[in-house]
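So you can see what is in the structure, the chains are spelled out below.
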Amino acid sequence: MKFLPTCMSDSWWKNTSDLLQGGKQERKRNRKKQASRDTSNKPWLHAGRRKSWVFCYAIADNSYRSLRTERKDQCILISGESGAGKTEATKKILQYYAVTCPASQQVETVKDRLLQSNPVLEAFGNAKTLRNDNSSRFGKYMDVQFDYRGAPVGGHILNYLLEKSRVVHQNHGERNFHIFYQLLEGGEEDLLRRLGLEKSPQQYHYLVKGHCARVSSINDKNDWKIVRRALSIISFNDNEVEDLLSIVASVLHLGNVQFAADEQGNAQVTTENQIKYLARLLAVEGSVLRDALIHKKIIAKGEELISPLNLEQAAYARDALAKAIYGRTFSWLVNKVNKSLAYKEGEFPGWRSTTVLGLLDIYGFEVFQHNSFEQFCINYCNEKLQQLFIELTLKSEQEEYESEGIAWEPVQYFNNKIICDLVEEKFKGIISILDEECLRPGDATDTTFLEKLEETVKNHPHFLTHKLADQKTRKSLGREEFRLLHYAGEVTYSVAGFLDKNNDLLFRNLKETMCNSENPIINQCFDRTELTDKKRPETAATQFKNSLSKLMEILMSKEPSYIRCIKPNDAKQADRFDEVLIRHQVKYLGLMENLRVRRAGFAYRRKYEVFLQRYKSLCPETWPTWDGRPHDGVAVLVKHLGYKQEEYKMGRTKIFIRFPKTLFATEDALEVRKQSLATKMQATWRGFYRRKKFLHMKHSAIAIQSWWRGTLGRRKAAKRKWAVQTIRRFIKGFIYRNHPRCPENEYFLDYIRFSFLMNLKRNLPKNVLDKSWPTPPPSLCEASQLLRQLCMQNMVWTYCKRISPEWKQQLEQKVIASEIFKGKKDNYPQSVPRLFINTRLGNEEINAKVLQALENEAIKYAVPVIKYDRKGYKARSRQLLLTQNAVIIVEDSKIKQRIDYANLTGISVSSLSDNLFVLHVHCEDNKQKGDVVLQSDHVIETLTKTAMRADKVNNININQGSIKFTVGQGKEGVIDFISGSELLIAKAKNGHLTVVAPRLNSR
Ligand SMILES: Nc1ncnc2c1ncn2[C@@H]1O[C@H](COP(=O)(O)OP(=O)(O)O)[C@@H](O)[C@H]1O
Ligand SMILES: [Mg+2]
């Protein structure tokens, strides 16, 4: 048994109540939906009730923690008298898990189903009894499966012996199973019509046996709604619900089937209407069902014998059918619930390892005025549970101290094994005797069974009958009764019905009829193989005994915790504590002995290996491994932890810790240690993770590198291949270069053309004067020539386009100068780079009088000149002006000579480098003084401008040696030109003007 000091501690209470009521935010988040639907399932919403469940939560929590930390299957055994609160406690535990376990979408569904399986099973398996308004009339063991994270992922329910007799009979003050009343109260009109039912329970024989169809504490209408919703949550579809309710209705109709005896005393059905409904609801042939209800089919020596039933037999057959239908449907229902709860690995992939936590809520010990086979089974079951409890707590604990060599003063307790043996022992036990009576040929009756009992177990201290009892007790015993002195008290059982109930017979023809049903549920419940199976089915009691023994195995295999419910009073009243009653329960449950053992004993014990494994991290010597014996390891460990002498004992294989607080302190230390280890591990993990990441990145980089290298290599290879091909083509082209264009040389020729054009593009002549031009290949000579012309034209054109009017004028003048002087006069080349200027004298340099005199004639050009007298060749400074019409020679303010262009017959210059020139004037006109000998520093410019103005370009004579000119009146002058070292102009002795012109280097 697990010791639960936690539930006593304030902190636990605080935590749990915080969790259940205060942990609102989280609950709100997780379960908003559910909360809004259903508050009736939430005890924490009713503050007054809260505290009474705290211990349940503590135990639930403790089992859950053990399940998670030790990964060992757990079970919680809930025991107590009928009505003590077992079922409520079970529900609270489930709700506790629903609230506290980790959640996820799928887990929510599982939780919902686990919770919602309850109202459905309770509707079909619970009923109002004298002891409890919601008494479980079946035993239930529920496994909840948890995954490794501690989330519920599935469940499974085992059901034990449903009290079927309740379907057809209830004691006074009791009811049939809730579902019948719920259906009638809550079922919609439409549904009831389909099922052929009326709203009032009074209409149905099976519902009124106990005369209390309505109970104030039960709200059938509301419960119906809860059940309907729950059915859909545990995945019933509409058809299945309809089929299920058809069966419920059919039981009610069956109860109303009546018989009357015909002349021969054979039963006949008098209620055709019921048969009609039954046929429809059970989907069977009406006439076949009717016949089956009033006949009995036996197979004797391989032959079928059909015999009619009398009234009593017919009623028995009818009731048997009703019980069979209901009982089997209940089992089907549990199966169906199990399917919806089943742990589906597909839904929770990878959560293979599950641990289970079992909850046992079985019918409690009960004593009524009349107790029958059912109470016998129920109380036997409670004996077994008490036996298990004793085995696992009082007995084994004390034995353990002994075997572990711990000094121990034994605590005495009542061991109920003797009663269990009385019931279940082979050959000698009550069940064996009952079975024997059921199976033996001949007229066995309940009375013969009682006699047999008296005979066999007469000396048993816990068994009494009227016959065996002493005078005093005999009064309280009927002749049809036997009494068992149970651990929890005396119960007197009436043997009436024991044989029938144990046989649980259903006539063959009724079975056959049900096998033919088309109602899918009935069809599954009644299996055809049953008809052919020759083996006699096990009796009810034996079945029950076997299933209980299996249950004990299941419970033994798990780590148990216990909730022992104490019933405070027999009146179902709140806040009333019947001391006698409670004292009695505490006594028979052996709780005092338990306390004594616990007080004297140890709160905690563990095998050395397990203890060391769990806490070894708390001591440097034992961490991380202890090489010696675990026993010694634990000794070192507890010493290190500072356990005091009285706090623990070292057994042979286990350590025993006396006080919970010692263990808690150790647990706290472990928690702290775990956290620091976790931090360390995190750091290691981080390092590991970083390295992993680094390696991953390194591999990635290498992969990228090699891929890229590959790509580069492939590209290079492709390029090389291309290059080889190109070179090959090139060589071939070169060989064929002089052939006409053909496939062999086209590439080459194209290339040559291309490269020539590209070369040309890069080396085009820069300007008109640039005569360079790339040498074309032979095949492109013509094209080259054309291109060259085009290029030149283009350059000329662009050049021309760029020329300004002034520059154009300049060039025109230069061209004319060139035409006149080029190659003819020595100082012409010197003039070429010098620009011609519009005029060499501004108007301000010309005398105003002259300007006035020339008022109407604009001066186009003016230049200072030297005039040589015609006779003495005296040099005189003059200005030469060109106007529109004439050449004008000016001396200061006087116009000395005007030569109209018309009169200008020509101009003479020498071929040498001097600057002299002669203007020849037409002389018929006497006004003219004759030709003029002049010298200009800008002789080429002056003459070009004059010739152009006077339109005398062709009249410029360039003479070698000498120039003759007219002096006037027919006389002639001569100017001789010779080259010399420097310029000299002088009158020679021969009267000529001699001009020595300096020789210029560049001629
Ligand atoms: N802790 C409790 N506080 C108040 N009422 C309770 C408590 N436990 C049970 N009851 C009441 O007693 C009735 C019987 O409880 P139930 O769990 O059905 O008994 P059992 O399953 O042991 O036969 C419940 O319907 C409820 O009304
Ligand atoms: Mg119950």
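These figures come from a predicted structure and were not determined experimentally. (Residues numbered from 1 in each chain as written. Chains lettered and ligands numbered in written order. Predicted model: local features only at pLDDT ≥ 70, side-chain atom pairs only at ≥ 80, totals over all residues. Heavy atoms only, no water.)

**Let's talk about the site of ligand 1**
Thinking step 1. Neighbouring residues of ligand 1: 13 residues in total, closest Gly83, Lys86, Thr87, Glu88 and Asn132.
Thinking step 2. Separating an oxygen atom of ligand 1 from a side-chain N or O atom of Lys86 is a distance of 2.7 Å.
Thinking step 3. In isolation ligand 1 has 550 Å² of accessible area, and contact with the protein removes 72% of it.
Thinking step 4. Broken down by element, the shell around ligand 1 gets its largest block of residues, 3 residues, from helix 5 (residues 86–100). (Near = heavy atom within 4 Å. Polar contact = N/O pair within 3.5 Å; in protein donor to acceptor, adjacent residues only side chain to side chain. Areas by Shrake-Rupley, 256 points an atom, 1.4 Å probe, with all protein chains shown as cover. Helix = DSSP H or I, 4+ residues; strand = E, 2+ residues; numbered from the N terminus.)

**Thoughts on the state of the cysteines**
Each disulfide is one covalent bond, formed between the sulfur atoms of two cysteines.
Thinking step 1. Summed over all chains, the structure comprises 0 disulfides.
Thinking step 2. Free cysteine Cys420: the closest other cysteine sulfur is in Cys381, separated by 10 Å.
Thinking step 3. Residue classification places Cys420 among the buried residues on the basis of a relative accessible area of 2%.
Thinking step 4. Cys800 takes part in no disulfide bond, and the closest cysteine sulfur to it belongs to Cys791, at a distance of 14 Å. (Disulfide = S-S within 2.5 Å. Buried < 20%, exposed > 50% of the residue type's maximum accessible area, 1.4 Å probe, protein only.)

**Focus on the pairing of strand 12 (residues 481–486)**
Thinking step 1. Counting buried positions along strand 12 yields 5 of 6 residues, so the element is predominantly enclosed.
Thinking step 2. Taken together, the 6 bridges between strand 12 and strand 13 (residues 489–494) define a ladder with antiparallel strand orientation. Paired with Arg483 across the two strands is Thr492, which belongs to strand 13.
Thinking step 3. In textbook terms, the turn of a hairpin is the stretch between consecutive antiparallel strands, and for strand 12 and strand 13 this stretch comprises 2 residues. (Pairing = 2+ DSSP bridges.)

**A few points about the coordination of the magnesium ion (ligand 2)**
Thinking step 1. Around the magnesium ion (ligand 2), the donor atoms from the protein are Thr87 (OG1) and Ser136 (OG), and they sit 2.0 to 2.2 Å away. Residue Thr87 is found in helix 5, and its partner Ser136 is found in strand 3 (residues 135–136); the two are separated by 49 residues along the sequence.
Thinking step 2. Overall, Thr87 belongs to the buried group, its relative accessible area being 11%.
Thinking step 3. Under the relative-accessibility criterion, Ser136 is labelled buried at 11%. (Donors = N, O, S within 2.8 Å, 3.2 Å for Na, K, Ca; no water.)

**Points about the nonpolar core**
Thinking step 1. Core analysis: the biggest nonpolar cluster contains 104 residues, and Tyr97, Phe124, Phe180 and Ile325 have the highest contact counts within it.
Thinking step 2. Here Phe124 is in contact with Leu162, Phe177, Ile179, Leu244, Val248, Tyr326, Phe330 and Leu333, once residues within four sequence places are set aside. (Core = buried A, V, L, I, M, F, W, Y, C linked by side-chain atoms within 4.5 Å. Contact = heavy atoms within 4.5 Å.)

**Brief notes about the environment of Ile702**
Thinking step 1. Tracing the backbone shows Ile702 in helix 29 (residues 660–735).
Thinking step 2. Its relative accessible area of 44% is what places Ile702 among the partly exposed residues.
Thinking step 3. Note: C-alpha distance between Ile702 and Leu835 (133 residues apart in sequence) is 75 Å.

**Quick look at the environment of Phe602**
Thinking step 1. Relative to the elements of secondary structure, Phe602 occurs in the loop between helix 26 (591–600) and strand 15 (604–607).
Thinking step 2. Linking Phe602 and Glu397, residues 205 residues apart in sequence, is a C-alpha distance of 9.6 Å.
Thinking step 3. Setting aside anything within four residues of it in sequence, one finds Phe602 in contact with Glu397, Tyr401, Ile406, Lys649, Phe656, Ile657 and Arg658.

Function-wise, these values are silent; they only describe arrangement.
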